[in-house]
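Letter by letter, the chains look like this.
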Amino acid sequence: MKHVVLAALCLIGTSALTPSHADVLRCKIDGYSEDVFITSAPDTNSSDGQYARIGISRGVGNRALAVTDRMGAVAFIELNADDTPIGLLTVQKDMRVVKSSHAIDPSGMVLAPSQNAGVCTRTR
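Residues numbered from 1 in each chain as written. Predicted model: local features only at pLDDT ≥ 70, side-chain atom pairs only at ≥ 80, totals over all residues. Heavy atoms only, no water.

A word on the environment of leucine 89. Topologically, leucine 89 is positioned in strand S8 (residues 85-91). Remark: the alpha-carbon pair of leucine 89 and lysine 99, spanning ten residues in sequence, is separated by 4.4 Å. Leucine 89 has contacts with Ile29, Val36, Ile38, Ile54, Val74, Ala75, Phe76, Glu78, Val97, Val98 and Lys99, leaving out every residue within four places of it along the chain. (Helix = DSSP H or I, 4+ residues; strand = E, 2+ residues; numbered from the N terminus. Contact = heavy atoms within 4.5 Å.)

Below you can see the structure in the form of structure tokens.
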């Protein structure tokens, strides 16, 4: 799994990433009052280092797995505390983002699906 995550993070937009550098995206998404931050691995604020983070500040928030599409978009699969996927943020090469969210109840039913669009910028 770690190799897949590191390989998937080889490209976000047009910026090459190296394992020693965490890329931080600040995203303004329709319907969200606060910015959403995506911090790529290695995460700078946690000891696990292999996961990206999605939250309302740099490097803090839910863990995420990253998958790079062959056309250059990067999908971040957001995980809750028990590793259940709860959302998907897809960042396109032009930095537009689509955030898809849902809840899963104990019986496995998907509840409250939603989708919002926005745009991301790189921060340092």
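Let us look at the pattern of salt bridges. Two side chains of opposite charge can pair, provided their charged atoms sit close to one another. The full count for this structure, using the stated rule, is six salt bridges. We note a salt bridge from aspartate 35 to arginine 26, for which the minimum N-O separation is 2.4 Å. Among the residues examined, aspartate 35 registers a relative accessible area of 14% and is labelled buried. Using a relative accessible area of 36% as the deciding quantity, one classes arginine 26 as partly exposed. Through salt bridges that share partners, Arg26, Lys28 and Asp35 make up one connected network. (Salt bridge = Lys/Arg side-chain N within 4 Å of Asp/Glu carboxyl O. Buried < 20%, exposed > 50% of the residue type's maximum accessible area, 1.4 Å probe, protein only.)

Here we take up the side chain of aspartate 35. The residue aspartate 35 is located in the loop between strand S3 (24-29) and strand S4 (36-39) in this model. A polar contact is formed between the side chain of aspartate 35 and the side chain of arginine 26, at a distance of 2.4 Å. When sequence neighbours within four positions are dropped, the list of residues in contact with aspartate 35 reads Arg26, Cys27, Lys28, Gly55 and Ile56. (Polar contact = N/O pair within 3.5 Å; in protein donor to acceptor, adjacent residues only side chain to side chain.)

Let us now look at the state of the cysteines. Under the criterion given, the structure shown has one disulfide. Put simply, cysteine 27 and cysteine 120 are joined by a disulfide, and their sulfur atoms are 2.0 Å apart. Because the sign of the S-S torsion sets the handedness, a value of about 95° for the bond joining cysteine 27 and cysteine 120 places this disulfide among the right-handed ones. Highlighted residues: cysteine 27 in strand S3 and cysteine 120 in strand S10 (residues 110-123), separated in sequence by 93 residues. (Disulfide = S-S within 2.5 Å.)

Attention shifts here to the pairing of S8. Taken together, the six bridges between strand S7 (residues 74-79) and S8 define a ladder with antiparallel strand orientation. Looking across to S8, one finds that leucine 79 is bridged to proline 85. With five bridges connecting them, S8 and strand S9 (residues 96-104) associate as antiparallel partners. Pairing of leucine 89 across the sheet is with lysine 99, part of S9. From the end of S8 to the start of S9, which pair antiparallel, there are four residues, and methionine 95 there has a positive phi angle of about 75°. (Pairing = 2+ DSSP bridges.)

Let us now look at the confidence of the model for the chain. When pLDDT is averaged along the chain, the result is 80; 77% of the residues meet or exceed 70. No element of the chain has a lower mean pLDDT than helix H1 (residues 2-8), at 35, and none a higher one than S3, at 96. A low-confidence stretch, residues 1-20 stays under pLDDT 50, and its non-local contacts, those more than four residues away or across chains, total 35 contacts. (pLDDT = per-residue confidence, 0-100.)

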